[in-house]
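What follows is the residue order along each chain.
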Amino acid sequence: MDRNEVVLVGRLPEAVRIRSLQSGSTLGSWRVIVRRQQRGRGTRVDTIPCVSFEPEVTVVVAEWLPDDMVEVVGSLRRRWWGSEGSKSSGYEVEVRSVRRLERRVTTVLTGEEEDPAPIPAPPRPVRSLTRAETGPVETGTVTAEEGRAFTAVAPEPSHAAGGNTPASVPRRVEAPSLR
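Quick look at the structure, then.

Reading the values: the criteria
- Residues numbered from 1 in each chain as written.
- Predicted model: local features only at pLDDT ≥ 70, side-chain atom pairs only at ≥ 80, totals over all residues.
- Heavy atoms only, no water.
- Helix = DSSP H or I, 4+ residues; strand = E, 2+ residues; numbered from the N terminus.
- Patch = residues over 30% accessible without salt bridge, like charges linked within 9 Å, V, L, I, M, F, W, Y side chains within 5 Å.
- Areas by Shrake-Rupley, 256 points an atom, 1.4 Å probe, with all protein chains shown as cover.
- Salt bridge = Lys/Arg side-chain N within 4 Å of Asp/Glu carboxyl O.
- Buried < 20%, exposed > 50% of the residue type's maximum accessible area, 1.4 Å probe, protein only.
- Core = buried A, V, L, I, M, F, W, Y, C linked by side-chain atoms within 4.5 Å.
- Contact = heavy atoms within 4.5 Å.

The subject of this paragraph is the environment of Glu 56. Tracing the chain through its elements places Glu 56 in helix α1 (residues 55-61). The sequence separation of Glu 56 and Arg 96 amounts to 40 residues, and the corresponding C-alpha distance is 8.9 Å.

Bringing a nonpolar patch on the surface into the picture now. Together, Val 7, Val 9 and Leu 101 make up a nonpolar patch on the protein surface, roughly 240 Å² of accessible area in all. Here Val 7 is to be found in strand β1 (residues 6-11). For Val 7, a relative accessible area of 51% translates into the label exposed.

This part is about the nonpolar core. Within the largest apolar cluster, 16 residues are counted, with the highest numbers of intra-cluster contacts made by Trp 30, Cys 50, Trp 64, Val 72, Val 95 and Val 98. For this core, the secondary-structure elements that each account for two or more residues are β1, β3 (26-35), α1, β5 (69-82) and β6 (87-102). Discounting chain neighbours no more than four positions away, the residues touching Cys 50 are Leu 8, Gly 28, Ser 29, Trp 30, Val 32, Val 72, Val 93 and Val 95.

On to the pattern of salt bridges. Here the structure, examined in full by the defined rule, presents 11 salt bridges. Asp 67 serves as the salt-bridge partner of Arg 11, at 2.8 Å between the closest nitrogen and oxygen. Note that Arg 11 is positioned in strand β1 and Asp 67 in the loop between α1 and β5, a separation of 56 residues in sequence. For Arg 11, a relative accessible area of 25% puts it in the partly exposed group. On the basis of relative accessibility, which here comes to 28%, the residue Asp 67 falls in the partly exposed class.

Relative to the assigned elements, Cys 50 resides in strand β4 (residues 45-52). Expressed as a C-alpha distance, the spacing of Cys 50 and Val 95, which sit 45 residues apart in the sequence, is 6.6 Å.

In structure tokens, the structure reads:
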């Protein structure tokens, strides 16, 4: 007796895609990420494509969000595509029943929000200091020289630098320009 039954429990990595076909039926397609049993170091996962032509299933999966934990039951099928000269194939699970096991709190922006709060621009990267020089420099002076920015800083107390810098010597710090 032949048997083709698949049960998957895993995480939804992205939103489900629902398409209307020319026949009038709908097709739902999505992927499920399933962790494998660990052997050695690291976690291994499989990303399994799933599809369903069942109207009841497509209505349910249309409400799923990324990161939901789900269970799907169906059968494995091989699908062919491409032209006669170069055909390709792949396996997917044709799903006949589904259920959501857990919904993780996730914010999904759909573009229909009313006047969303502006997203602040990420801070510009801070480049490391390239060279510190000693010498007489006024505190608070900023000059530019050969495309580099020079910023004068207040004298460091001798205890701040581990006792190696005299307290009376201001430091001039040279850093790359952030322009």
